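Residue-level listing of the chains:
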Amino acid sequence: MSKCKNKMVFEVQENETIDQCLDRIQKAGYIPVRRTEKPIFKEVKTGGKVDYEPAGRQIVFEAKLIEN
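Residues numbered from 1 in each chain as written. Predicted model: local features only at pLDDT ≥ 70, side-chain atom pairs only at ≥ 80, totals over all residues. Heavy atoms only, no water.

Chemist: Outline the overall build of the chain, listing residues and values.
Modeler: Each helix and strand counted, the chain has one helix and three strands in total. Going from N to C terminus, the chain has its helices and strands arranged as β-α-β-β. Against the compact-globule benchmark of 11 Å for 68 residues, the chain has a radius of gyration of 17 Å, which places it well outside the compact range. Here the C-alpha coordinates of the chain stretch approximately 60 × 20 × 20 Å along the principal axes. Taking all 68 residues of the chain together, the buried fraction comes to 15%. (Helix = DSSP H or I, 4+ residues; strand = E, 2+ residues; numbered from the N terminus. Rg over C-alpha atoms; globule rule 2.2 N^0.38 Å. Buried < 20%, exposed > 50% of the residue type's maximum accessible area, 1.4 Å probe, protein only.)

What follows is the structure, given as structure tokens:
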């Protein structure tokens, strides 16, 4: 008897599109239920001042197991 997780978290990889990530989720036997995005900032030092500039975003999908 093997146990599978009912919920998993999938992150869109650096060189992956959202569609490719969704295909990966489906192949793993899950269906996405929530999408969250987090901004990624980088420090930029100009003179003696430190500023934060947007450098990208992290997209994460929460998925639940498809029940057959």
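Chemist: Could you give an account of the sheet that holds strand 2 (residues 30-46), with specific residues and numbers?
Modeler: With respect to topology, three strands assemble into an open sheet ordered 1-3-2, the strand pairing being antiparallel. This sheet does not close on itself; its edge strands, each paired only once, are strand 1 (7-11) and strand 2. The average undirected angle you get between the axes of adjacent strands in this sheet is 25°. For strand 1 and strand 3 (residues 49-65), the ladder comprises five bridges, and the chain directions are antiparallel. Across the sheet, residue M8 finds its bridge partner in strand 3, namely A63. (Pairing = 2+ DSSP bridges. Axes fitted to C-alpha atoms, helices over the stretch in contact; angles between N-to-C directions.)

Chemist: Tell me about the environment of E14, residues and numbers included.
Modeler: In this structure, E14 sits in the loop between strand 1 and helix 1 (18-27). When the C-alpha atoms of E14 and Q58 are compared, they prove to be 8.9 Å apart, with 44 residues separating the residues in sequence.

Chemist: Now, about the nonpolar core: what can you tell me, with residues and values included?
Modeler: F10, V12, C21, I25, Y30, I59, F61 and A63 form the largest nonpolar core, which has eight residues in total. For this core, the secondary-structure elements that each account for two or more residues are helix 1 and strand 3. Per-element accounting of this core gives the leading share, three residues, to strand 3. Once residues within four sequence positions are removed from consideration, F10 is found in contact with C21, R24, I25, A28, Y30, I59, V60, F61 and A63. (Core = buried A, V, L, I, M, F, W, Y, C linked by side-chain atoms within 4.5 Å. Contact = heavy atoms within 4.5 Å.)

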